[in-house]
Amino acid sequence: MRRIDDLGRIVIPKEIRRTLRIRESDPLEIFTDREGEIILKKYSSIGEMSGFAKQYADSLAQVSGKVAVIADRDRYIAVSGGMKTLLNKHVSKDVERKMENREQVLAKKNEKSFVMLAEDENDVEMQVMAPIISEGDVVGAVFLLASDESIGETEKKLVLSAASFLGKQMEL
């Protein structure tokens, strides 16, 4: 149980924030249901564009011949070209860290900068990743994945372009 302070604020317990991956400055939707309960829902601006993100991932996969993945800050929201098991899974702590640090990745599996997207991702040999930045905030990331070592500068530019485009779309 928590009490509301004189400014109308309530503290969400640390354990709930940790479990739901709610970080400082994360936006939350607040609404009520018919029984008068207040519902807090973590807001994902890129998640609101999931249909568009799916179409964009399909285009990336088709153009590149690679697996295309788009994530918000918490989950993989669009996957195309294979690895459908990633869809709706939580991003790994490594991916979360790379996004927070606004890092771009172009790496082979045995390199230090390589990040595991999920535990069952054994067939990825090479990846490229770029954070999606909208209005100065990191809101997600775009990935291209390959089961061989066929990712290079062209794919990196493609992912950077996709991340930039998605970030700008969210600002409209």
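Everything below is about the structure printed above this text.
Residues numbered from 1 in each chain as written. Predicted model: local features only at pLDDT ≥ 70, side-chain atom pairs only at ≥ 80, totals over all residues. Heavy atoms only, no water.

Quick question: what am I supposed to make of the overall build of the protein chain here?
Secondary structure assignment for the protein chain yields four helices and seven strands. Counting from the amino terminus, helix and strand elements in the protein chain follow one another as α-β-β-α-β-β-α-β-β-β-α. If you line up the protein chain on its principal axes, its C-alpha atoms span 60 × 35 × 30 Å. Counting across all 172 residues of the protein chain, residues that qualify as buried make up 39%. (Helix = DSSP H or I, 4+ residues; strand = E, 2+ residues; numbered from the N terminus. Buried < 20%, exposed > 50% of the residue type's maximum accessible area, 1.4 Å probe, protein only.)

I would appreciate a short explanation of the pairing of strand β3 (residues 67-72) in the present structure.
Within a regular strand, side chains alternate between the sheet's two faces. Burial runs high along β3: six of the six residues are buried. Direction of pairing for β3 relative to strand β7 (residues 137-146): antiparallel, over a ladder of six bridges. Pairing of V67 across the sheet is with L145, part of β7. Looking at chain direction, β3 and strand β4 (residues 76-80) are connected through four bridges and run antiparallel. By the bridge assignment, A68 is partnered in β4 with S80. Taking the residues between adjacent antiparallel strands as the criterion, β3 and β4 are bridged by three residues. (Pairing = 2+ DSSP bridges.)

Got a minute to help me understand the nonpolar core in this structure?
Within soluble globular proteins, side chains that are nonpolar tend to cluster in buried spots. Of all hydrophobic cores here, the largest spans 25 residues; its most connected members are L60, I70, I132, V142 and L144. For this core, the secondary-structure elements that each account for two or more residues are α2 (50-64), β3, β4, β6 (126-134), β7 and α4 (153-171). The residues touching I132, leaving out its near neighbours within four places in the chain, are I46, I70, A71, D137, V138, V139, G140, A141, V142, A163, L166 and G167. Counting residues in hydrophobic clusters, the runner-up holds 22 residues, among them M83, F114, V124 and L145. (Core = buried A, V, L, I, M, F, W, Y, C linked by side-chain atoms within 4.5 Å. Contact = heavy atoms within 4.5 Å.)

What am I meant to see in the layout of surface pockets here?
A probe as big as a water molecule, rolled over the atoms, marks out the empty space that is left. Size it by volume and the largest pocket reaches roughly 900 Å³. Around the largest pocket, the lining comprises 36 residues; the ones closest to its centre are P27, K42, Y43, S44 and D74. Of all the secondary structure elements, the ones that give two or more residues to the lining of the largest pocket are α1 (14-19), β1 (28-32), β2 (38-42) and β7. Considering only residue class, the lining of the largest pocket consists of 15 nonpolar, eight polar and 13 charged. What the second largest pocket holds in volume is close to 270 Å³. Residue lining of the second largest pocket: I4, G8, R9, I10, I12, L28, I30, I38 and L40, and that is the complete set. Contributing elements (two or more residues each) for the lining of the second largest pocket: β1 and β2. Residues of the lining of the second largest pocket, tallied by class, amount to seven nonpolar, one polar and one charged. (1 Å grid on protein atoms, 1.4 Å probe; cavity = no way out; pocket = protein on both sides within 12 Å on 5 of 7 lines; lining within 4 Å. Points joined across faces, edges and corners; volume = space filled by probe spheres on them. Nonpolar A, V, L, I, M, F, W, Y, C, P; charged D, E, K, R; others polar.)

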